[in-house]
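Structure assessment
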Amino acid sequence: MKIAHSNTLHPDFPHRRARRPRGDLKAFCGVAATSLVVLAAPAYAQNNANDRNDLLVVVREQKDLLARQAAELETMKARLDAIEANAVEHAATRQQPGPAPAAMTAQARVATEATPAMQGLPAGSGLVPFAPQLVPPGPADASVAMARALAAANPAGVTTKWGAGAPIFRSADGSFSFKPRGRIIEDVSSTVGSRYDGRNITTTGARALRLGIEGAVGTHFIYQFEMDFSENTADVVTAYVGWRNHLFDKLDYDIRFGHLVNDRSFEGITGSDSTPFHDRNVVANAIVPQRGYYGLGGQVRIFGPTWHFSTQLTGDRIDGDQRVADGRTVIVRGHWNPVKNDGNIVHVGAWMFDEHLSSAQRNLTRGTVIGGRFNGALRVQTGALDGGTGTTGYGAELGGYLGPLWIMGETGHRTARRLDAPSFQTRASSLSGGYFLTGELPPYNPRTGQFDQPDVKRPVFNGGTGAIELTARYETLRFSNIPTPGEGWETTLGVNWYLNSFTRVMFNATHWNTDNQGGAYIGPDDGETYATRISVSF
């Protein structure tokens, strides 16, 4: 508004004294007021009209702006509708897989294939543990359902996830996964009380110094390779390639070829980083093929919801004498969980093996650990035994857990056939148990019937207490039907402190008794062995 034109009058005008007579003041003021109105009215009217024109311009501009914004909103809505329609179509394709068109991407094919196998798995879970108290398996040990679910849940970018002590690398489409593996297990052992000074010694040693890899190509092809350096030599342990898939609903299988560990005995198949004591029991160590824990060959495993069955055919170890024909070993094992729920499990297992020895391997001499692995003088011994042609062994397992308490019993028998001599007999039994003071469930793997790495809920490195387990074991061993028989037994009390899922400190106190008729330490003897271990496994 431009009414301010009236300010052309002198600002002091109302306060000036007129030089005219007082009587003329009213007349003068009236004339001035009339003149002011006459002069101001046209300007006010003109300014008011200008204001209306300006307002109309602003209104038209706002109308145009609103129209443009409405058009942009319609465009954005159309784009969102198109995106949602594509998403719905893609979801429908995954839920009802059909023949894949040639142009379908590898990622889409993996996602389509994954959907049926994801039934019963958490959405997008990928690798999940076989039991709540376990860490998730590695790429080579996962089920095919987990592998498919993982492929479908990884939409873009190479991913790296920190697993139990080591990273797991996965490609964007889930077709490739890779994980380094390793173990560092170091012991200190001290023996006292023997009547032989040669047995009362303190020793140190590395139970395992392993380094390896495992991985998967697609959802079916798997591989694993691992070497051990614990005796300052490079020793190949696990080395295989394999294939996994479904047979029927809730029924999986895998086939593996390579240097394989025996699926034999509960503690025999449990890894050295997962045994609840410093060493495996006498059933695992004595009722064993003469070639040992590993052989080069093939294995088939079938997995059901509450059981598994395996069979394997192998030759000698990977470093066997290749100037003569290999020996042959057939091993079968199965386990069943007649009771299986969140808080308790019952385990029933059985196994057997039959071995035909190579002509390069006729020696049947045995010296089985009793009272401590790293005291080489503590063994139940047979004396020299030659002329072996083969071995046959079998065993049974019974145990389970109820909350944090677990119990496992094993027994086994082995017959070693000899040329022109009676068969060498071995009998072994073990009863062990444990209790987690911190409330964790025992690290039992229901897929394969063995102990595995636990999932520690309150790691020490995060300010927690870790997991604390008390253990106890009694076991007996007897060699018979040979010129120099031997026998022994031991009782062990122990405590395991899991700092996290892959770091553990162990202490075992063992009272042992041996009665050898051959070897360097003949006759009855007993004593105590105290052993401490620290281990890291990934």
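Each remark here, short or long, concerns the structure printed above.
As a starting point, this report considers the structure included with it.

Calculation criteria
Residues numbered from 1 in each chain as written. Predicted model: local features only at pLDDT ≥ 70, side-chain atom pairs only at ≥ 80, totals over all residues. Heavy atoms only, no water. Helix = DSSP H or I, 4+ residues; strand = E, 2+ residues; numbered from the N terminus. Contact = heavy atoms within 4.5 Å. Areas by Shrake-Rupley, 256 points an atom, 1.4 Å probe, with all protein chains shown as cover. Core = buried A, V, L, I, M, F, W, Y, C linked by side-chain atoms within 4.5 Å. Buried < 20%, exposed > 50% of the residue type's maximum accessible area, 1.4 Å probe, protein only. Polar contact = N/O pair within 3.5 Å; in protein donor to acceptor, adjacent residues only side chain to side chain. Pairing = 2+ DSSP bridges. Phe/Tyr/Trp six-rings, centres within 6.5 Å; stacked < 30°, edge-to-face > 60°. Lys NZ or Arg CZ within 6 Å of the ring centre and 35° of its normal. Patch = residues over 30% accessible without salt bridge, like charges linked within 9 Å, V, L, I, M, F, W, Y side chains within 5 Å. Salt bridge = Lys/Arg side-chain N within 4 Å of Asp/Glu carboxyl O. Lys, Arg positive; Asp, Glu negative; His and termini not counted.

Here we take up the overall build of the protein chain. Along the backbone of the protein chain there are five helices and 22 strands. Long-range contacts, defined as pairs at least 24 residues apart, comprise 62% of the intrachain contacts of the protein chain with a sequence gap of at least 6. Surface summary for the protein chain: the accessible area is close to 26,900 Å², and the carbon and sulfur share equals 61%.

Residues Ile 287, Phe 424, Ala 428, Leu 477 and Phe 479 are the most contacted members of the largest nonpolar core, which totals 18 residues. Among the elements of the structure, α5 (282-286), β11 (344-356), β16 (421-436) and β19 (467-480) are those that each provide at least two residues to this core. In this structure Ala 428 touches Val 282, Val 283, Ile 287, Glu 410, Thr 411, Gly 412, Thr 476 and Leu 477, once residues within four positions along its chain are discounted. Formed by eight residues, the second largest nonpolar core is a distinct cluster that contains Phe 277, Ile 345, Tyr 401 and Met 408.

To continue, consider the environment of Tyr 444. With respect to the helices and strands, the residue Tyr 444 is situated in strand β17 (residues 444-445). For Tyr 444, a relative accessible area of 3% corresponds to the buried category. Sequence separation between Tyr 444 and Tyr 401 is 43 residues, and the spatial gap between their C-alpha atoms is 8.5 Å. Tyr 444 has contacts with Ala 131, Gln 133, Leu 134, Phe 266, His 335, Asn 337, Ile 345, His 347, Tyr 401, Gly 449, Gln 450 and Phe 451, leaving out every residue within four places of it along the chain. Within the structure, the side chain of Tyr 444 is placed 2.9 Å from the side chain of Asn 337, a separation counted as a polar contact.

Across 13 bridges, strand β15 (residues 405-418) lies against β16 in antiparallel orientation. Within β16, the position partnered with Thr 415 by the bridge is Gln 425. Between β15 and β16, which pair antiparallel one after the other, the connecting turn spans two residues, and Asp 420 there sits at a positive phi close to 55°.

To continue, consider the packing of aromatic side chains. Applying the stated criterion across every chain, the model contains ten aromatic pairs. Among the aromatic side chains, those forming a connected cluster through ring pairs are Phe 266, Tyr 401, Trp 406, Tyr 444 and Phe 451. Here Arg 264 stacks its cationic end above the ring of Tyr 293, 5.1 Å away from the centre of that ring. Of note, Arg 447 hangs over the ring of Phe 303, and the distance from its end group to the ring centre comes to 3.8 Å.

There is a patch of nonpolar side chains on the surface, built from Val 192, Leu 405, Ile 407, Leu 431, Tyr 435, Leu 437, Leu 470, Val 495, Phe 507 and Tyr 530 and spanning about 850 Å² of accessible area. Breaking the nonpolar patch down by element, the ones donating at least two residues are β15 and β16. Mapped onto the elements of the fold, Leu 437 is located in the loop between β16 and β17.

Here the focus is unusual backbone geometry. Phi at Asp 420 is positive, roughly 55°, even though this residue is not glycine. Its place among the elements puts Asp 420 in the loop between β15 and β16. Although it is not a glycine, Asn 481 adopts a positive phi angle of roughly 65°. Within the secondary structure, Asn 481 is located in the loop between β19 and β20 (486-500). By relative accessible area, Asn 481 is classed as partly exposed at 45%.

Before going further, it helps to examine the environment of Gly 527. Structurally, Gly 527 is set in strand β22 (residues 523-537). Taking the C-alpha atoms as reference, Gly 527 lies 4.8 Å from Ser 194; in sequence the two are 333 residues apart. Apart from residues no more than four positions distant in its own chain, Gly 527 is found in contact with Val 192, Gly 193, Ser 194, Thr 510, His 511 and Trp 512.

Going through the model one piece at a time under the given rule, you end up with 23 salt bridges. A salt bridge links Arg 458 to Glu 440, with the shortest nitrogen-to-oxygen separation between them at 3.5 Å. Of this pair, Arg 458 sits in the loop between β18 (450-451) and β19 while Glu 440 sits in the loop between β16 and β17, placing them 18 residues apart in sequence. Among the residues examined, Arg 458 registers a relative accessible area of 39% and is labelled partly exposed. With a closest N to O distance of 3.4 Å, Arg 473 and Glu 475 form a salt bridge. Per residue, the accessibility class of Arg 473 equals that of Glu 475, and both read buried.

Before going further, it helps to examine the side chain of Thr 503. Relative to the assigned elements, Thr 503 resides in strand β21 (residues 503-516). What makes Thr 503 buried here is its relative accessible area of 9%. Contacts of Thr 503, omitting those with residues within four sequence positions, involve Phe 461, Trp 497, Tyr 498, Ser 535 and Val 536.

Checked against the element boundaries, Arg 291 lands in the loop between α5 and β8 (294-303). Buried Arg 291, no salt bridge; nearest opposite-charge side chain is Glu 355, N-O distance 5.0 Å. Of note is the side chain of Arg 291, whose polar atom sits 2.9 Å from the side chain of Thr 314. A polar contact of 3.4 Å, which involves the side chain of Arg 291, links it to the backbone oxygen of Gly 315.

It is worth spelling out the environment of Gly 258 at this point. Tracing the chain through its elements places Gly 258 in strand β7 (residues 251-261). Each C-alpha atom, one on Gly 258 and one on Thr 314, is 8.9 Å from the other, the two residues being 56 residues apart in sequence. When sequence neighbours within four positions are dropped, the list of residues in contact with Gly 258 reads Ala 239, Tyr 240, Gly 295, Leu 296 and Gly 297.

This next bit is on the pairing of β11. Of the two faces of β11, only the one carrying Ile 345, His 347, Gly 349, Trp 351, Phe 353 and Glu 355 is buried; Asn 344, Val 346, Val 348, Ala 350, Met 352, Asp 354 and His 356 on the other face are not. Taken together, the eleven bridges between strand β10 (residues 328-340) and β11 define a ladder with antiparallel strand orientation. Looking across to β11, one finds that Arg 328 is bridged to His 356. If you look at the hairpin formed by β10 and β11, you'll find three residues sitting between the two strands. When β11 meets strand β14 (residues 388-402), the two strands line up antiparallel, connected through 13 bridges. Bridge pairing links Gly 349 to Glu 397 in β14.

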